[in-house]
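Chain and residue survey
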Amino acid sequence: MKKPTFLSESDARDFVKDAEKLLLPDRRRLLRQGLTLGGVMMLTGCDISDNESVETALSRMSRFNDRVQGFLFSHHNLAPEYSESEITRPFPFNAFYGPEDIPQVDGRDYQLAISGLVSQTKSWTLPELYHMQQVSQITRHICVEGWSAIGKWGGVPFHQFLKLIGADTRAKYVSFRCADDYYTSIDMATALHPQTLLALTWDGQILPPKYGFPMKIRIPTKLGYKNPKHVLSIEVTNRFPGGYWEDQGYNWFGGS
Ligand SMILES: Nc1nc2c(c(=O)[nH]1)N[C@H]1C(S)=C(S)[C@@H](COP(=O)(O)O)O[C@H]1N2
Ligand SMILES: [Mo]
């Protein structure tokens, strides 16, 4: 076995800070006294002696954090809902590009594609989606970049849609691909959560292009980057699908 060579003290401090960022705020408090470099090495089984193993240790911690969040997540834990007068106006736009590059999806030939562990792989047109029974919610969208905003979304409860397509709800993940090359994925428990919405409207009107026309998945129990806009396809799978930001180091579970 290779003899561990340790990081310099300041590198080690940075590392522990990075590791803490991967933990939930309350977990962060819990671990503040206990989390040391040695502790991290025991948790992750990684010898933190070079950049590559630092990366491995951080991503193992992030996956450990996914499991903790998954374990704590419950159907009975509802995100707060707000009144009409609390809606943030104007509602912010955000994407990995500027407003000039918002994808212009043509609603007339839109087809929502379904694949994976489902019994119905038929795709869905917008009129078909609009005819399904709709609900609405006024909830807070929280972006990791440091802003949050209250908005109103309407659409089909996602658990009902999953039932309609005969999704195998024992599968681990539901994955989404978007018109702008964005992609993300969620755990099945979140997909089945009563507030997770296949959203078709924003503020009582057809979803405007900047907020994800023709369809976005609205998940008030998750951070902004887990709420895909311009969704073109849905896959139910046991293969870990990752995500656009998640694959660059954002925590995959991304609870809010
Ligand atoms: N297709 C797509 N969905 C996306 C993004 C994106 O760049 N493309 N950005 C995510 C991030 S980081 C945020 S904060 C929200 C912003 O949604 P909004 O424009 O409705 O505020 O969209 C999320 N979903
Ligand atoms: Mo975000």
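Below or above, wherever it landed, is the structure these notes cover.

About the cut-offs
Residues numbered from 1 in each chain as written. Chains lettered and ligands numbered in written order. Predicted model: local features only at pLDDT ≥ 70, side-chain atom pairs only at ≥ 80, totals over all residues. Heavy atoms only, no water. Salt bridge = Lys/Arg side-chain N within 4 Å of Asp/Glu carboxyl O. Helix = DSSP H or I, 4+ residues; strand = E, 2+ residues; numbered from the N terminus. Buried < 20%, exposed > 50% of the residue type's maximum accessible area, 1.4 Å probe, protein only. Pairing = 2+ DSSP bridges. Expected span 1.5 Å × (residues − 1). Polar contact = N/O pair within 3.5 Å; in protein donor to acceptor, adjacent residues only side chain to side chain. Contact = heavy atoms within 4.5 Å. Phe/Tyr/Trp six-rings, centres within 6.5 Å; stacked < 30°, edge-to-face > 60°. Near = heavy atom within 4 Å. Nonpolar A, V, L, I, M, F, W, Y, C, P; charged D, E, K, R; others polar.

Overall, the coordinates contain nine salt bridges when judged by the stated rule. Close ionic contact of K222 with D187 constitutes a salt bridge, the shortest N to O distance being 3.1 Å. Note that K222 is positioned in the loop between β8 (216–218) and β9 (231–237) and D187 in strand β5 (residues 183–187), a separation of 35 residues in sequence. The residues K222 and D187 share a single accessibility class, namely buried.

Our next topic: the pairing of β5. Along a regular strand, successive side chains alternate from one face of the sheet to the other. In terms of residue burial, β5 counts as a mostly covered element, since five of its five residues are buried. Sheet topology note: the strand β4 (residues 173–178)/β5 ladder contains five bridges and is antiparallel. Within β5, the position partnered with Y173 by the bridge is D187. Taking the residues that link successive antiparallel strands as the turn, the β4-β5 hairpin has four residues, and the phi of D181 there is positive, at about 75°.

This part is about helix α4 (residues 51–72). Relative to the 32 Å expected for 22 residues at 1.5 Å per residue, α4 spans 31 Å between its end C-alpha atoms, a close match to the ideal helical length. Listing the buried residues of α4 in full gives S53, V54, A57, L58, M61, S62, N65, D66, V68 and Q69. Backbone nitrogen of E52 and a side-chain oxygen of the N-cap are separated by 3.1 Å at the start of α4; the cap is D50.

For K222, a relative accessible area of 1% translates into the label buried. In sequence terms K222 and I142 are 80 residues apart; their C-alpha atoms lie 7.9 Å from each other. Each residue touching K222, except ones within four places of it in the same chain, is listed here: I186, D187, T190, N227, F253, G254, G255 and S256.

Turning to the packing of aromatic side chains, a few remarks are in order. For the structure on display, the rule yields 18 aromatic pairs. Taking the centre distance of 6.0 Å and the plane angle of 70° together, the rings of F73 and F253 count as edge-to-face. Here the residue F73 occupies a position in the loop between α4 and β1 (113–116), and F253 occupies one in the segment after β9, the gap between them amounting to 180 residues. Here F73 and F253 have matching classes, each one buried.

What follows covers the site of ligand 1. The local shell around ligand 1 holds 20 residues, among which P92, N94, D180, N227 and K229 are the closest. Between ligand 1 and N227, the relevant distance is 2.8 Å, taken from a nitrogen atom to a main-chain nitrogen or oxygen of the residue. Taking K229, its side chain carries an N or O atom lying 2.6 Å from an oxygen atom of ligand 1. Tallied by class, residues from the shell around ligand 1 come to twelve nonpolar, five polar and three charged.

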